[in-house]
Amino acid sequence: NKTDLVTPATVGMLKATLKKLNPGAKIIESSFSKVNPDDILNTGLFNPHEAEQSPAWQEELEKGEHTPETEEYGISSFVYRSRKPFDPIRFWDYIRDKFPVSIIRSKGMFWLASRPEQALVWGQAGGSLRADSAGLWWHSLSVAERMTHPVFIENQIEIEENWHTQFGDRHNEIVFIGQNMDKELISKELDACLVTDLELATELWREGYEDEWPVQRIHAV
């Protein structure tokens, strides 16, 4: 709404951002909220199941496609991947004090050295960040325990294809969408938040330890 109050370039930038966040969304421009009711009421365009599956994010993870109409306005995305855990203190300090304002939206999975058993979900929009528990990494369970879970049995081949000798299925995989992002710098800063080889050698991460992350802990029983 209020497209009459901004420049065409601003409208273009906003549309490019929305297309990157949700390629399938229908975008309607308006002034003084003048919109044909048939365009927004009882359209049946919103599917809660599809929204929950987040196809746009999944497509970015699998293909990493970049569309010219979004890059024209500096809107782009990239996927950060690593197998080592984040150090809970360094990562928290980075999020609190140094997180780039160029990142508009990000979403994915991550893990902390202080919580080797727990998989965590990452979700950020603007200045708001939410981290939640996604359950346990399969590597936290014995082979016998994994085989009692239908989800593991159904996806065993795919899960074990990406199995790491040291970390199992643990990994960090976060999609970042933003405007004029310095992808190399952001990746280097995130790398600096990872646990070092020397820290890994202490084996402390295998047992876990206390941290200040505001997410309820869960443990394998």
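Residues numbered from 1 in each chain as written. Predicted model: local features only at pLDDT ≥ 70, side-chain atom pairs only at ≥ 80, totals over all residues. Heavy atoms only, no water.

Just give me the short version of the sheet that holds strand β3 (residues 118-125), but keep the residues and values in it.
Sheet architecture is open: five strands sit in the order β1-β5-β2-β3-β4, paired in antiparallel fashion. Each of the sheet's edge strands pairs with one partner strand only, and the pair in question is β1 (75-82) and β4 (128-136). Here the average twist between neighbouring strands, direction ignored, is 15 degrees. Inspection of the sheet shows strand β2 (residues 103-110) paired to strand β5 (residues 172-179) by six bridges, in the antiparallel sense. Considered in β5, the bridge of Ile 103 is made with Gly 178. Sheet contacts for helix α9 (residues 183-191): β1, β2 and β5; angle to β1, the most-contacted strand, approximately 25 degrees. (Pairing = 2+ DSSP bridges. Helix = DSSP H or I, 4+ residues; strand = E, 2+ residues; numbered from the N terminus. Axes fitted to C-alpha atoms, helices over the stretch in contact; angles between N-to-C directions. Contact = heavy atoms within 4.5 Å.)

Can you explain the nonpolar core? Please cite residues and give values.
Ranked by size, the top nonpolar core spans 22 residues in total, and within it Phe 86, Phe 91, Phe 110, Phe 176 and Leu 190 carry the most contacts. For this core, the secondary-structure elements that each account for two or more residues are β1, α6 (88-97), β2, β3, β5 and α9. The dominant element in this core, judged by the number of residues it contributes, is α6, at three residues. Those residues within four positions of Phe 176 in sequence are excluded, and the remaining contacts are Ser 76, Ser 77, Phe 78, Tyr 80, Phe 99, Ile 103, Arg 105, Ser 106, Met 181 and Leu 190. Counting residues in each nonpolar core, the second largest holds eight residues, with Ala 119, Phe 167, Val 195 and Trp 205 among its members. (Core = buried A, V, L, I, M, F, W, Y, C linked by side-chain atoms within 4.5 Å. Buried < 20%, exposed > 50% of the residue type's maximum accessible area, 1.4 Å probe, protein only.)

For unusual backbone geometry, give the residues involved together with the corresponding values.
Within the chain, Lys 2 stands out as a residue other than glycine whose phi angle is a positive 60 degrees. Of note, Asn 180 is a non-glycine position whose phi angle comes to about 55 degrees, a positive value. Inspection of the secondary structure puts Asn 180 in the loop between β5 and α9.

Please give an account of a nonpolar patch on the surface that cites residues and values.
The grouping of Ile 28, Ile 40 and Leu 41 at the surface amounts to a nonpolar patch, some 270 Å² of accessible area in total. As for its placement among the helices and strands, Leu 41 is situated in the loop between α2 (37-40) and α3 (48-53). (Patch = residues over 30% accessible without salt bridge, like charges linked within 9 Å, V, L, I, M, F, W, Y side chains within 5 Å. Areas by Shrake-Rupley, 256 points an atom, 1.4 Å probe, with all protein chains shown as cover. Salt bridge = Lys/Arg side-chain N within 4 Å of Asp/Glu carboxyl O.)

Kindly report on the pairing of β5, identifying the contributing residues and their values.
In terms of residue burial, β5 counts as a mostly covered element, since six of its eight residues are buried. Bridge analysis of β1 against β5 gives eight bridges, and the strand direction is antiparallel. Within β5, the position partnered with Ser 82 by the bridge is Asn 172.

How would you explain the environment of Asp 211 if you had to name every residue and give the values?
Relative to the helices and strands, Asp 211 resides in the segment after α11 (204-207). Distance from Asp 211 to Pro 88, taken between C-alpha atoms, is 6.4 Å for residues 123 residues apart in sequence. Apart from the residues lying within four places of it in its own chain, the contact partners of Asp 211 are Pro 88, Leu 112, Ser 114, Arg 115 and Arg 217. At 2.8 Å, the side chain of Asp 211 and the side chain of Arg 115 are in polar contact. Of the polar contacts made by the side chain of Asp 211, one reaches the side chain of Arg 217; its length is 3.2 Å. (Polar contact = N/O pair within 3.5 Å; in protein donor to acceptor, adjacent residues only side chain to side chain.)

Interpretation note: all reported values are geometric properties and have no functional meaning in isolation.
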